[in-house]
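A structural walkthrough
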Amino acid sequence: MTVWIAVGATALGCYLLKLIGLSIPAGLLERPAVRRSAALIPVALLAALTALQTFGKDDGLSLDARALGLAAAALAAWRRAPFLLVVGIAVLVTALARLIGS
């Protein structure tokens, strides 16, 4: 029963957030500061999630094969490699580092 209450509360919360978003006046959304923020917030969230998944460990920070994969992906992206190649390089470097490290 508790699970269904949580599902219902989450659905209601999502609906209310959507309703609030639709209630914001269009003039407010057209301001330059709001537009810049809206463009940068997803990038910041993705960077934070990537850092947490790469360096986070149970109760602290960790530096392991994932960090090498991220560094290889960053280098490939900096060299303007296609996205799928960047992901493939990250996977390959991480797998090789884990193979060598074990």
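What you see is a predicted model; the values in this text were computed from it and never measured.

**Looking at the overall build of the chain**
On a plain count of helices and strands, the chain comes out with five helices and two strands. Beginning at the N terminus, the succession of helices and strands in the chain can be written as α-α-α-β-β-α-α. Here the C-alpha radius of gyration of the chain, 20 Å, is well above what a compact globule of 102 residues would show, namely 13 Å. The C-alpha extent of the chain, read off along each of the three principal axes, is 55 × 45 × 25 Å. A total of 102 residues make up the chain; the buried ones form 11% of that total. Contacts in the chain between residues far apart in sequence, at least 24 positions, make up 28% of those at least 6 positions apart. Accessible area of the chain: about 8,600 Å², with a carbon and sulfur share of 74%. Between the centroid of the 9 positive side chains of the chain and the centroid of its 4 negative side chains there is a distance of 14 Å.

**Here we look at the pattern of salt bridges**
Under the definition given, this model contains two salt bridges. Between Glu30 and Arg35 there is a salt bridge, with its nearest N and O atoms 3.3 Å apart. The exposed category is assigned to Arg35, whose relative accessible area is 51%. Between Arg66 and Asp64 there is a salt bridge, with its nearest N and O atoms 3.2 Å apart. A relative accessible area of 25% places Arg66 in the partly exposed class.

**Regarding helix α1 (residues 2-23)**
Every α-helix winds through 3.6 residues per turn, so residues three or four apart in the chain are directed the same way. For α1, which comprises 22 residues, the first-to-last C-alpha distance of 31 Å matches the rise-based estimate of 32 Å (1.5 Å per residue) to within 8%. Across the 22 residues that make up α1, only a small minority, zero, are buried.

**Focus: the UniProt feature "transmembrane region" (unreviewed entry) in the chain**
Within the UniProt annotation, "transmembrane region" (unreviewed entry) is assigned to residues 6-26, 38-56 and 83-101. As a span, residues 6-26 carries 90% helix and 0% strand, and end to end its C-alpha atoms are 33 Å apart. With 95% helix and 5% strand, the stretch residues 38-56 has end C-alpha atoms that lie 27 Å from each other.

**What to know about unusual backbone geometry**
Keep in mind that most residues, glycine aside, have a negative phi and that most peptide bonds are trans. The residue Arg80 is not glycine, and still its phi comes out positive at about 65°. Within the element layout of this structure, Arg80 appears in the loop between α4 (65-78) and α5 (83-101).

**Focus: the environment of Ile89**
Residue placement: Ile89 occurs in helix α5. On the basis of relative accessible area, Ile89 is assigned to the partly exposed category, the value being 28%. Ile89 sits 13 residues away from Ala76 along the chain, and the two C-alpha atoms are 7.6 Å apart. Dropping the residues within four chain positions of it, Ile89 is found in contact with Ala72 and Ala76.

Definitions and cut-offs
- Residues numbered from 1 in each chain as written.
- Predicted model: local features only at pLDDT ≥ 70, side-chain atom pairs only at ≥ 80, totals over all residues.
- Heavy atoms only, no water.
- Helix = DSSP H or I, 4+ residues; strand = E, 2+ residues; numbered from the N terminus.
- Rg over C-alpha atoms; globule rule 2.2 N^0.38 Å.
- Buried < 20%, exposed > 50% of the residue type's maximum accessible area, 1.4 Å probe, protein only.
- Contact = heavy atoms within 4.5 Å.
- Areas by Shrake-Rupley, 256 points an atom, 1.4 Å probe, with all protein chains shown as cover.
- Lys, Arg positive; Asp, Glu negative; His and termini not counted.
- Charge placed at Lys NZ, Arg CZ, Asp CG, Glu CD.
- Salt bridge = Lys/Arg side-chain N within 4 Å of Asp/Glu carboxyl O.
- Expected span 1.5 Å × (residues − 1).
- UniProt positions renumbered as here; feature names shortened; annotations may be inferred.

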